[in-house]
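Spelled out from the first residue to the last, the chains are:
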Amino acid sequence: MTPRGVPGEGLTGNTPRARRTGAIAGVLSLTALAALVGCSGPGGNGSATDNSGLSSRSDSASAAPPGKYRNLPEPCGAVSSTTLHQLLPNSQDYDGQATPTFDTDRRVGCKWSGAVTSGNRYLHIDFERVVSYDPAVSDEDKAAQEYEQMAAAAHIPAESPTPGGTSGQSPAPSQRPTAGASATPSQPSSSPSPSSASASASTAPDTAPRRVGGIGDEAFLNDAVMTQGSGVHRDVTVVFRAANVLVTIEFSQWSTNASVTPPSVDLQLGAHGLAQELARKIEE
């Protein structure tokens, strides 16, 4: 008679129960191996990692391009010697003085001064390379936004189409006062004829804040007079944008005689001509 309850009965050897147990173990091993291969293969979770890489490359490709200009001119050497002598004929230092900035890769400037009859002239230029930290906004678009903010602060009228279909930009001043002419035109003893009145109006300087053409991508000019104490000074400012670079030119004249206002046209012509020169300098 065979004893019952013998340990290991039916679990080892070539019994039916042992064969079934081995078959189940083999199936489980194959299933685990298939799952492991699936995780690392093209159809597993590894493909999700690859997709994320493609997504990041796509995001990088759609990011706004960097600015056109990566460098700024050396400010005190940006203005030609001829121009400096024309604007400041009696300056004692044509080398200029660099304005301090925190990052010369992003912003630089220079200033000069010179004596004139009954006062002084001052010239200051400033270059700013605009960088956008928003990947959806290009450096040039960011510069355009900052330019419009500067125009709004200076109360420059918005650009609007003219009846002729061109943009509402004013040309550069083109008339110079004659030697010895007063800053304020004298009134004639008799009423002028229509033709003479028209000629006088055409030579009168436009001192209104306005946008001007022919400089960079866009530009504006501001002409302001201020009286302080016993003196008066006129400040002509030209701001223009060349792609992602903003340039500000301040050309001022101080008169120690409050009855003599510095001439507008000379300062406007000087600032406008210098702006064109600097725009060409940036493109070099």
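Residues numbered from 1 in each chain as written. Predicted model: local features only at pLDDT ≥ 70, side-chain atom pairs only at ≥ 80, totals over all residues. Heavy atoms only, no water.

Asker: Got a minute to help me understand the side chain of T248 in this structure?
Answerer: Along the chain, T248 falls in strand β7 (residues 245–255). Of the residues examined, T248 reaches a relative accessible area of 14% and is grouped as buried. Discounting residues that sit within four places of it in the chain, T248 has contacts with H124, I125, D126, M150, T237, V238 and V239. (Helix = DSSP H or I, 4+ residues; strand = E, 2+ residues; numbered from the N terminus. Buried < 20%, exposed > 50% of the residue type's maximum accessible area, 1.4 Å probe, protein only. Contact = heavy atoms within 4.5 Å.)

Asker: What's the story with the sheet that holds strand β1 (residues 97–98) in this structure? I'm lost.
Answerer: Neighbouring strands of a sheet are bound in pairs by backbone hydrogen bonds; such pairs are parallel or else antiparallel. Here 7 strands make up an open sheet; going across it, the order is β1-β2-β3-β7-β6-β5-β4 and the pairing antiparallel. Looking along the sheet, the strands with just one partner apiece sit at the ends: β1 and β4 (210–212). Packing of helix α6 (residues 264–283) onto the sheet brings it into contact with β3 (119–129), β4, β5 (218–228), β6 (231–242) and β7, and relative to β6 it is tilted by some 25°. (Pairing = 2+ DSSP bridges. Axes fitted to C-alpha atoms, helices over the stretch in contact; angles between N-to-C directions.)

Asker: I'm lost on the state of the cysteines in this one. Help?
Answerer: A covalent bond bridging the sulfur atoms of two cysteines is what the word disulfide describes. This model, assessed by the stated rule, comprises 1 disulfide. Across a sulfur-sulfur distance of 2.1 Å, C76 and C110 are joined as a disulfide pair. Because the sign of the S-S torsion sets the handedness, a value of about 100° for the bond joining C76 and C110 places this disulfide among the right-handed ones. On the criterion of sequence distance, the pair formed by C76 in the loop between α2 (46–62) and α3 (81–87) and C110 in strand β2 (residues 107–116) is long-range, its members being 34 residues apart. With respect to class, C76 is no different from C110; both count as buried. (Disulfide = S-S within 2.5 Å.)

Asker: I tried to follow the nonpolar core on my own but got confused; where do I start?
Answerer: The nonpolar side chains of soluble globular proteins are, as a tendency, buried together. L123, I125, F127, F240, I249 and L278 are the most contacted members of the largest nonpolar core, which has 34 residues in total. For this core, the elements supplying multiple residues, two or more each, are α3, β2, β3, β5, β6, β7 and α6. The leading source of residues in this core is α6, at 7 residues. Among all residues touching I125, those that are not within four sequence positions of it are P75, V79, V108, G109, C110, W112, T248, I249, L274 and L278. In terms of nonpolar packing, the next biggest core, distinct from the first, is built from 9 residues, V130, A154, F220 and V239 among them. (Core = buried A, V, L, I, M, F, W, Y, C linked by side-chain atoms within 4.5 Å.)

Asker: I keep staring at the environment of R211 and nothing clicks. Help me out?
Answerer: Locating R211 in the fold gives a position in strand β4. C-alpha separation for the pair R211 and P157, spaced 54 residues apart in sequence, amounts to 7.5 Å. Within the structure, the side chain of R211 is placed 2.8 Å from the backbone oxygen of P157, a separation counted as a polar contact. (Polar contact = N/O pair within 3.5 Å; in protein donor to acceptor, adjacent residues only side chain to side chain.)

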